[in-house]
Amino acid sequence: MYDDQQLHQLLSDPATQRKGFEALVRRFSEPLYWQIRHIVLTHEDANDVLQNTFLKAWNGLSSFQGDSQFITWLSRIAINESLDFLRRNKHALTCHDEDLSVANNLMADPYFDGNETEAMLQEAIASLPDVQRTVFQLRYFEDMKYSDMSQLLNTSEGSLKASYHIAVKKISEFFKLRD
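Only a predicted model underlies this, so the values are computations on that prediction, with no experimental measurement involved.

Enquirer: Can you help me understand the overall build of the chain in this one?
Expert: Assigned secondary structure in the chain consists of nine helices and zero strands. In the chain, the succession of α and β elements from N to C terminus is α-α-α-α-α-α-α-α-α. Burial analysis of the chain (179 residues in total) assigns 41% to the buried set. A separation threshold of at least 6 residues defines the contact pool for the chain, and within that pool the share at least 24 residues apart is 58%. Put simply, the chain shows about 10600 Å² of open surface, and 50% of that area lies on carbon and sulfur atoms.

Enquirer: Please explain the packing of aromatic side chains as it appears in this structure.
Expert: Two numbers describe a pair of aromatic rings. These are the distance of the centres and the angle of the planes. Within this structure, the stated rule accounts for eleven aromatic pairs. For the pair Phe64 and Phe70, a centre-to-centre distance of 4.3 Å together with 20° between the ring planes defines the contact as stacked. Just as Phe64 is buried, Phe70 falls in that class too. Between Phe70 and Trp73 the ring centres are 6.4 Å apart and the planes differ by 65°, which places this aromatic pair in the edge-to-face class. With Phe70 and Trp73 both in helix α4 (residues 70-95) and three residues apart, this pair spans about one turn of that helix. Both residues of the pair, Phe70 and Trp73, count as buried. Counting every residue linked through ring pairs, the aromatic cluster contains Phe136, Tyr140, Phe141, Tyr146 and Tyr164.

Enquirer: Help me understand the nonpolar core in this model?
Expert: In globular proteins that are soluble, nonpolar side chains generally tend to be buried together. Membership of the largest hydrophobic core comes to 44 residues, with the highest contact counts inside it found for Leu24, Val40, Phe70, Trp73 and Leu74. Taken together, the elements giving at least two residues each to this core come down to α1 (4-12), α2 (17-40), α3 (43-59), α4, α6 (116-126), α7 (130-140), α8 (146-153) and α9 (157-178). Excluding its chain neighbours within four sequence positions, the residues that come into contact with Leu24 are Leu7, Leu11, Phe54, Phe70 and Leu74.

Enquirer: Where do I start with the pattern of salt bridges in this structure?
Expert: Side-chain pairs of opposite charge can arise where the charged atoms are in close proximity. What the rule picks out here adds up to six salt bridges. The closest approach of N and O atoms between Arg27 and Asp4, which form a salt bridge, is 2.9 Å. Of this pair, Arg27 sits in helix α2 while Asp4 sits in helix α1; the two residues are 23 residues apart in sequence, bridging distant segments of the chain. Asp84 is the salt-bridge partner of Arg87, the closest N and O atoms lying 2.9 Å from each other. Linking Arg87 with Asp84, this pair stays in helix α4, spanning three residues, or about one helical turn. Overall, the relative accessible area of 46% leaves Arg87 in the partly exposed class. Residues joined by salt bridges that share partners form a network here, namely Asp84, Arg87, Asp130 and Arg133.

Enquirer: Got a minute to help me understand α1 in this structure?
Expert: Three- or four-residue spacings in an α-helix give side chains the same orientation, since the helix completes a turn every 3.6 residues. When we look at burial in α1, the residues that qualify are Leu7, Leu10 and Leu11. Here the buried residues of α1 occupy an arc of 95° about the axis, which is enough to place them on one side. Of the residues in α1, the exposed ones pointing more than 90 degrees away from the buried face are Gln5 and Gln9. The N-terminus of α1 is capped by Asp3, whose side-chain oxygen sits 3.1 Å from the backbone nitrogen of Gln5.

Enquirer: What is the right way to read the confidence of the model for the chain from this model?
Expert: Parts of the model with low pLDDT should not have their predicted coordinates read in detail. Per-chain confidence: the chain averages 84 in pLDDT, with 85% of residues scoring 70 or above. Here helix α5 (residues 102-108) stands out as the least confident element of the chain, with mean pLDDT 55; α3 is the most confident, with 95. Ignoring residues within four places in sequence, the model shows residues 93-100, a span with pLDDT below 50, making two contacts including any to other chains.

About the cut-offs
Residues numbered from 1 in each chain as written. Predicted model: local features only at pLDDT ≥ 70, side-chain atom pairs only at ≥ 80, totals over all residues. Heavy atoms only, no water. Helix = DSSP H or I, 4+ residues; strand = E, 2+ residues; numbered from the N terminus. Buried < 20%, exposed > 50% of the residue type's maximum accessible area, 1.4 Å probe, protein only. Contact = heavy atoms within 4.5 Å. Areas by Shrake-Rupley, 256 points an atom, 1.4 Å probe, with all protein chains shown as cover. Phe/Tyr/Trp six-rings, centres within 6.5 Å; stacked < 30°, edge-to-face > 60°. Core = buried A, V, L, I, M, F, W, Y, C linked by side-chain atoms within 4.5 Å. Salt bridge = Lys/Arg side-chain N within 4 Å of Asp/Glu carboxyl O. Arc of directions from axis to C-beta. Polar contact = N/O pair within 3.5 Å; in protein donor to acceptor, adjacent residues only side chain to side chain. pLDDT = per-residue confidence, 0-100.

As structure tokens, then:
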């Protein structure tokens, strides 16, 4: 497995660029998949967004200067692609049968291995505004530090902490209403 410096060297040379990109995909596919999956929820959608993420990364290789780690650069692309996916599909979701909640959809997904409580948590998270949802997912599921999130999302740590606190409060209220 190549480290970031070796990957950067491979990707900078047109003769080894393809080999470097294949190594990049092998190294980061799984962590990016789970990051995306927590945002878009279903396996098929996560795979589609992951493909789009790597396509954008390939097309944007010349813009990567090496100022950040590859995972930070790829995560930024993955999060933006995930949020774009949700925005594009928001209208389609509201046009579907109103009875198909996030929890019901997850429980019907053959790739979902959680229980009803996990499905309800995902429904609560899905009800959050985009920024709060993203911050909550990165902190709760990825255990990402606010300093790393700040770099990734290009915003202050204070606003991220506030977004996380508000998200936790809204999720708690969601579960209280279900009792």
